[in-house]
Amino acid sequence: VQLVESGGGLVQPGGSLRLSCAASGFTFSSYYMSWVRQAPGKGLEWVSDINSGGGSTYYADSVKGRFTISRDNAKNTLYLQMNTLKPEDTALYYCARVVLPLRVNDYWGQGTQVTVSS
């Protein structure tokens with residue numbers, strides 16, 4: 001299993017970024033997937049989940065209405081569109097595979113850094 005995130009960077013408050021996660025080594029279309037983040041000096045924070053088909057999505061209250069999770073099963077790729085970014089969104093963003101029914105993450109990528117600052 002390999003998960004490789006990309007798309008992070010430095011953005012001004014109010015800006016947008018789109019993160020990608022390229023998956024390989026497993027049947028991507030069979031798994032729920034997550035985005036999880038870790039801000040400097042803080043613990044892991046769940047951001048969003050998406051079901052295997054992409055028709056159901058779930059968000060933390062802190063990002064609801066600003067972030068959109070999606071996936072392209074033909075390309076084995078997970079996305080996170082982040083709009084109206086705030087300084088408190090600054091974090092290392094990870095994609096992770098979800099194992100049901102416990103809905104825990106068993107494989108993680110290396111992360112991509114998002115910094116929101118003027």
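Residues numbered from 1 in each chain as written. Predicted model: local features only at pLDDT ≥ 70, side-chain atom pairs only at ≥ 80, totals over all residues. Heavy atoms only, no water.

Student: What should I look at first to understand the sheet that holds strand S8 (residues 77-82) in this one?
Tutor: In a beta sheet, neighbouring strands are held together by backbone hydrogen bonds and run either parallel or antiparallel to one another. Spatially, the four strands line up as an open sheet ordered S1-S3-S8-S7, and their pairing is antiparallel. Single-partner strands in this sheet number two, and they are strand S1 (2-6) and strand S7 (67-72). Here the strands of the sheet are splayed against their neighbours by 15° on average, with no regard to which way each runs. Where S1 and strand S3 (residues 17-24) come together, five bridges link them in antiparallel fashion. When the bridges of S3 are listed, glutamine 2 appears paired with serine 24. (Pairing = 2+ DSSP bridges. Helix = DSSP H or I, 4+ residues; strand = E, 2+ residues; numbered from the N terminus. Axes fitted to C-alpha atoms, helices over the stretch in contact; angles between N-to-C directions.)

Student: Whenever I open this one, the pairing of strand S4 (residues 33-38) confuses me. Can you help?
Tutor: Residues in a regular strand project their side chains so that they alternate between the two faces of the sheet. When you tally the buried positions in S4, you get five out of six residues, the bulk of the element. Pairing of S4 with strand S5 (residues 44-50) involves six bridges; the strand directions are antiparallel. Bridge pairing in S5 places methionine 33 opposite isoleucine 50. The turn joining S4 and S5, which pair antiparallel and follow one another in sequence, is formed by five residues; a positive phi near 75° is taken by glycine 41. (Buried < 20%, exposed > 50% of the residue type's maximum accessible area, 1.4 Å probe, protein only.)

Student: Looking at this model, I keep getting lost on the nonpolar core. Mind explaining?
Tutor: With 26 residues, the main nonpolar core has Trp35, Phe67, Leu78, Leu80, Met82 and Tyr93 as its most contacted residues. If you list the elements that add at least two residues to this core, you get S3, S4, S5, S7, S8, strand S9 (91-99) and strand S11 (112-116). In terms of residues, this core owes the most to one element, S3, which gives four residues. Every residue in contact with leucine 78, bar those within four places of it in the chain, is listed here: Leu19, Ser20, Cys21, Phe28, Met33, Ser34, Trp35, Ile50, Ile69, Ser70, Arg71 and Cys95. (Core = buried A, V, L, I, M, F, W, Y, C linked by side-chain atoms within 4.5 Å. Contact = heavy atoms within 4.5 Å.)

Student: Even after reading the chapter, I still don't get the side chain of threonine 112, so can you show me in this structure?
Tutor: Following the sequence through the fold, threonine 112 ends up in strand S11. Reaching out from threonine 112, the side chain makes a polar contact with the backbone nitrogen of glycine 8 at a distance of 3.1 Å. Leave out the neighbours within four places in its chain, and threonine 112 touches Glu5, Ser6, Gly7, Gly8, Leu19, Ala91, Leu92 and Tyr93. (Polar contact = N/O pair within 3.5 Å; in protein donor to acceptor, adjacent residues only side chain to side chain.)

Student: How do you make sense of the pattern of salt bridges when you look at a structure like this?
Tutor: Where charged atoms of side chains with opposite charge meet at close range, the side chains can pair. Summed over all chains, the structure comprises six salt bridges. With its nearest N and O atoms 2.6 Å apart, the salt bridge here joins aspartate 106 to arginine 97. Looking at aspartate 106, the relative accessible area reads 31%, which means it is partly exposed. Overall, the relative accessible area of 7% leaves arginine 97 in the buried class. Counted as one network, the salt bridges with shared partners bring together Arg37, Glu45, Arg66 and Asp89. (Salt bridge = Lys/Arg side-chain N within 4 Å of Asp/Glu carboxyl O.)

Student: Help me out: how do you make sense of the state of the cysteines in this one?
Tutor: Considering all chains together, one arrives at one disulfide under this definition. At a sulfur-sulfur separation of 2.0 Å, the disulfide partner of cysteine 21 is cysteine 95. Classification of the bridge connecting cysteine 21 and cysteine 95 rests on its S-S torsion, roughly 50°, and on that basis the disulfide is right-handed. Here the residue cysteine 21 occupies a position in strand S3, and cysteine 95 occupies one in strand S9, the gap between them amounting to 74 residues. On the basis of relative accessible area, cysteine 21 is assigned to the buried category, the value being 0%. Take cysteine 95: its relative accessible area is 0%, and that puts it in the buried class. (Disulfide = S-S within 2.5 Å.)

Keep in mind these values describe shape, not function.
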